[in-house]
Amino acid sequence: MGTKAVSFVFVCLVPLRLFAWGSGHDQVNELAVEMLHGTVPTESAANIVKWSHTPDDFTPWDKLKHFQVPPDDLAVLKAHRMDSPYSVHSPRGQAVAFILLVNAFQVNDAQRIAFWSACLLHALADEAACNHDPLIHYATYAFTGGYRLKTGAGVGLDFSNVARTAEGKELVRRLAAAETWRPLPSDPDEALLAIMLSGLESNAYMTRRGSIIAASFAIGATQEQLAASKIALAELGVHGAARGRDVIRAGKELAEHGRIPKLTSQLEAAFAKRKAAEVAARPLSDDSLYADLLKTQAPDDQSAIGVLVEPSVTMNQAHFSFGSKLITAAAARSMHLAGVPFRLVDVRSLEKESALNPKVTPVLVVCAGPFHVGKPARDALAAYATAGGRFLWIGGEHGGLLGKLSESLSKGDPAVLPVSNHYGQDTPVAATARFRFLAEFKEALGEQSYRFVHNPNTKAGWQVPRCSYLLRPAASVTVLAEMHLPDKTLPVAGAWLGPAGKAKAIFIPEYLIAPYVLSDEDTIPDLSRPTLDKVGSRMLSAALATLRP
Ligand SMILES: [Zn+2]
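Comments concerning the coordination of the zinc ion
Put simply, the ideal angle at a metal is 109.5 degrees for four donors in tetrahedral geometry and 90 or 180 degrees for six donors in octahedral geometry.
Here's step 1: The zinc ion binds to the protein through Asp 56 (OD), His 89 (NE2), His 122 (NE2) and Asp 126 (OD); the donor distances cover 2.0 to 2.2 Å.
Here's step 2: Its 4 donor atoms give the zinc ion angles of 85 to 177° at the centre, a pattern that matches the irregular case.
Here's step 3: Mapping the donors of the zinc ion onto the primary sequence yields the spacing D-x32-H-x32-H-x3-D. Of this pair, His 89 sits in the loop between helix H4 (71-79) and helix H5 (91-106) while Asp 126 sits in helix H6 (residues 110-127), and the two are 37 residues apart along the sequence.

A closer look at the pattern of salt bridges
Here's step 1: Applying the stated criterion across every chain, the model contains 23 salt bridges.
Here's step 2: Ionic pairing is found between Lys 63 and Asp 62, a salt bridge with its closest N-O pair at 3.9 Å. Asp 62 carries the same exposure label as Lys 63, and that label is exposed.
Here's step 3: A salt bridge links Arg 92 to Glu 268; its shortest N-O distance comes to 3.0 Å. Highlighted residues: Arg 92 in helix H5 and Glu 268 in helix H13 (residues 265-281), separated in sequence by 176 residues.
Here's step 4: Taking the relative accessible area as the measure of exposure, Glu 268 reaches 26% and is therefore partly exposed.
Here's step 5: Here the residues in one salt-bridge network are Glu 179, Arg 243, Arg 245 and Asp 246, joined through shared partners.

Considering the domain arrangement of the protein chain
Here's step 1: Domain parsing of the protein chain yields domain 1 (19-281) and domain 2 (284-547).
Here's step 2: Each of domain 1 and domain 2 has a C-alpha centre, and these two points are 34 Å apart.
Here's step 3: Facing the 36 residues of domain 1 at the interface are 36 residues of domain 2.
Here's step 4: Carbon and sulfur atoms make up 65% of the surface buried where domain 1 meets domain 2, a total of about 3,200 Å² over both sides.
Here's step 5: When the buried surface of domain 1 facing domain 2 is broken down by residue, Pro 134, Tyr 138 and Tyr 147 rank first, second and third, together holding 22% of it.
Here's step 6: Counting across the domain 1 and domain 2 interface gives 2 salt bridges.
Here's step 7: Ionic pairing is found between Asp 286 and Arg 208, a salt bridge with its closest N-O pair at 3.3 Å.

Focus: the pairing of strand S4 (residues 390-395)
Here's step 1: Burial analysis of S4 places 6 of its 6 residues in the buried class, the great majority of the element.
Here's step 2: Burial of S4 is two-sided: the residues Arg 390, Leu 392 and Ile 394 facing one way and the residues Phe 391, Trp 393 and Gly 395 facing the other way are all buried.
Here's step 3: In terms of strand pairing, strand S3 (residues 363-369) meets S4 through 6 bridges, oriented parallel. Within the sheet, the bridge partner assigned to Gly 369 lies in S4 and is Gly 395.
Here's step 4: The parallel pair S3 and S4 is bridged by helix H16 (residues 375-386), and the resulting crossover is right-handed.

Here's the deal with the environment of Glu 268
Here's step 1: Spatially, the C-alpha atoms of Glu 268 and Leu 193 are 8.3 Å apart, while their sequence positions differ by 75 residues.
Here's step 2: Within the structure, the side chain of Glu 268 is placed 3.0 Å from the side chain of Arg 92, a separation counted as a polar contact.

Some remarks on unusual backbone geometry
The phi angle of most residues is negative, glycine excepted, and most peptide bonds adopt the trans form.
Here's step 1: In the segment running from Gly 395 into Gly 396, the intervening peptide bond is cis, with an omega of -10°.
Here's step 2: The residue Gly 396 is located in the loop between S4 and helix H17 (404-408) in this model.
Here's step 3: Of note, Arg 148 is a non-glycine position whose phi angle comes to about 60°, a positive value.
Here's step 4: Even without a glycine there, the phi angle at Tyr 516 is positive, about 65°.
Here's step 5: The topology assignment puts Tyr 516 in the loop between helix H20 (510-513) and helix H21 (534-547).

Some points on the nonpolar core
Here's step 1: Ranked by internal contacts, the top residues of the largest apolar core, which has 180 residues, are Trp 116, Phe 143, Phe 441, Ile 506 and Leu 512.
Here's step 2: Ranked by residue count, the leading element in this core is helix H12 (residues 223-256), at 12 residues.
Here's step 3: Each of two domains, domain 1 (19-281) and domain 2 (284-547), supplies a minimum of three residues to this core.
Here's step 4: Once you skip the residues sitting within four places of it in the chain, Phe 441 turns out to touch Gly 446, Leu 480, Ile 506, Ile 508, Met 539, Ala 542 and Ala 543.

Side note on the packing of aromatic side chains
Here's step 1: All chains considered together, the criterion is met by 21 aromatic pairs.
Here's step 2: When the ring of Phe 67 is compared with that of Phe 115, the centres are 4.3 Å apart and the planes differ by 20°; the resulting orientation is stacked. A residue pair is termed long-range when its members are at least 10 positions apart, and Phe 67 in the loop between helix H3 (45-50) and H4 and Phe 115 in helix H6 qualify at 48 residues. Each member of the pair, Phe 67 as well as Phe 115, is classed as buried.
Here's step 3: Ring centres 4.8 Å apart and planes at 85° place the aromatic pair Phe 115 and Trp 116 in the edge-to-face group.
Here's step 4: Taking the relative accessible area as the measure of exposure, Phe 115 reaches 0% and is therefore buried.
Here's step 5: Among the aromatic residues, those joined into a ring-pair cluster are Trp 51, Trp 61, Phe 67, Phe 115 and Trp 116.
Here's step 6: The ring of Trp 181 has Arg 249 sitting right over it, with the charged end atom 3.6 Å from the ring centre.
Here's step 7: Across from the ring centre of Phe 322, 5.5 Å away, lies the NZ or CZ of Lys 325, which sits over that ring.

Calculation notes
- Residues numbered from 1 in each chain as written.
- Predicted model: local features only at pLDDT ≥ 70, side-chain atom pairs only at ≥ 80, totals over all residues.
- Heavy atoms only, no water.
- Donors = N, O, S within 2.8 Å, 3.2 Å for Na, K, Ca; no water.
- Tetrahedral: all angles 85-135°; square planar, octahedral: opposite > 155°, others 65-115°.
- Helix = DSSP H or I, 4+ residues; strand = E, 2+ residues; numbered from the N terminus.
- Salt bridge = Lys/Arg side-chain N within 4 Å of Asp/Glu carboxyl O.
- Buried < 20%, exposed > 50% of the residue type's maximum accessible area, 1.4 Å probe, protein only.
- Domains from an automatic or database assignment.
- Contact = heavy atoms within 4.5 Å.
- Buried area = accessible area lost by both parts, 1.4 Å probe.
- Pairing = 2+ DSSP bridges.
- Right-handed = clockwise from strand over helix to strand, strands pointing away.
- Polar contact = N/O pair within 3.5 Å; in protein donor to acceptor, adjacent residues only side chain to side chain.
- Core = buried A, V, L, I, M, F, W, Y, C linked by side-chain atoms within 4.5 Å.
- Phe/Tyr/Trp six-rings, centres within 6.5 Å; stacked < 30°, edge-to-face > 60°.
- Lys NZ or Arg CZ within 6 Å of the ring centre and 35° of its normal.

Following this line, the structure appears as structure tokens:
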């Protein structure tokens, strides 16, 4: 793999413990069974629906209560290191489930056909489930589920919210009728590849609809917005059912022709290559939370604040933190509302020369999380800094790109960090930590101490705003924020000052600027157009004023 490809290696950093559709999986599988009339044995139908939640389970395969996985299937699962039904969620898991479905069709075993059909339908439906949209996810697990902020009523976030009503059933039926069969390639390995890649297309189909669904949660949403949201939510469920139908039909046809697919290392390499190419070509506007910003950003030749962004890929995969998309979109929108010209800088464009010129983009806002980018992107950012570019870095990792500031940042003892690094866990520090702002930030935010009004350590969600770094005071580094604990004070945010008293870089932990953590605002007027809260907006303005040449 060349260095160019390396930058598109995506890493899952947090355990996948989130479930996507809830009871909506029942309606997806019911619909798929209708679409599969004549393809699956009649005796399989009821169990395809009954077993729709199978993949949301970490029980080892051989300990499942509802279905005894046959020894031959167990051997295949073991050979591919699939420990439990949860593993079916990944593209590899989908491929293995498909192979086992083809085997089941070959011997016409109705129970096995039902089991592997149910598993595949679930996994393919999850790829288009709207809680994997960066905006809907943040809203679900942080804003509403975690922080209990008020929004408009909305049309719901689960396919079942529309698929259960009489009116919704009619809508689903109409949409399903338009979903014509899309045959998979007749070559078994090509079919397997198509299945593994299908999640990328489903993800884009879904993220294009995130803002439409979120708009129904605006206070005073219009009838038109509510109707559009219902259609979008219904489309996501129908898409999952239809793609599952295509895959199950393909499985039956391959079985009839005795063409059994194999998941080989060559096929996995081909998948990685095709996936990288598809991710590279995905339009940023497919992420609906960026779509309106692409229209309001500054023209190429106008000086503007850059905001580094990345596209969604699938499930929780990201170069940056999962919450980065929401935070960067909110920061860009806050700038727009404040009349500050901004431009979105796509992380995929950094390798192109001229992507970042300090003359037109004097400051770049980066919300980095684990900062999983390849060497070419890092080199481009380092060259930008050398040429005079300045960073407002919301960390996460800083990649050593912040000069004196990077030298002064070191990892804190987990016992003193206000945000836990472990999925779904809280920390006692979250309740006792108080934050005070200093220097330029004190002018913007006052002398009072701030606390977590809403605890960012949510019980579920990939969006938790983590930062493990503390700042050691040093020459030419100014502390901008410190955390007060009952027995100590720890600097957490700071600026690296250049000779003229202007900052070359600012580092802010993600938990200080993530929306609605430090602010006592209790209502989100329009969920589809997120902005920073009033504390974050002031912090952003103060940071940009300190950084601007
Ligand atoms: Zn699931």
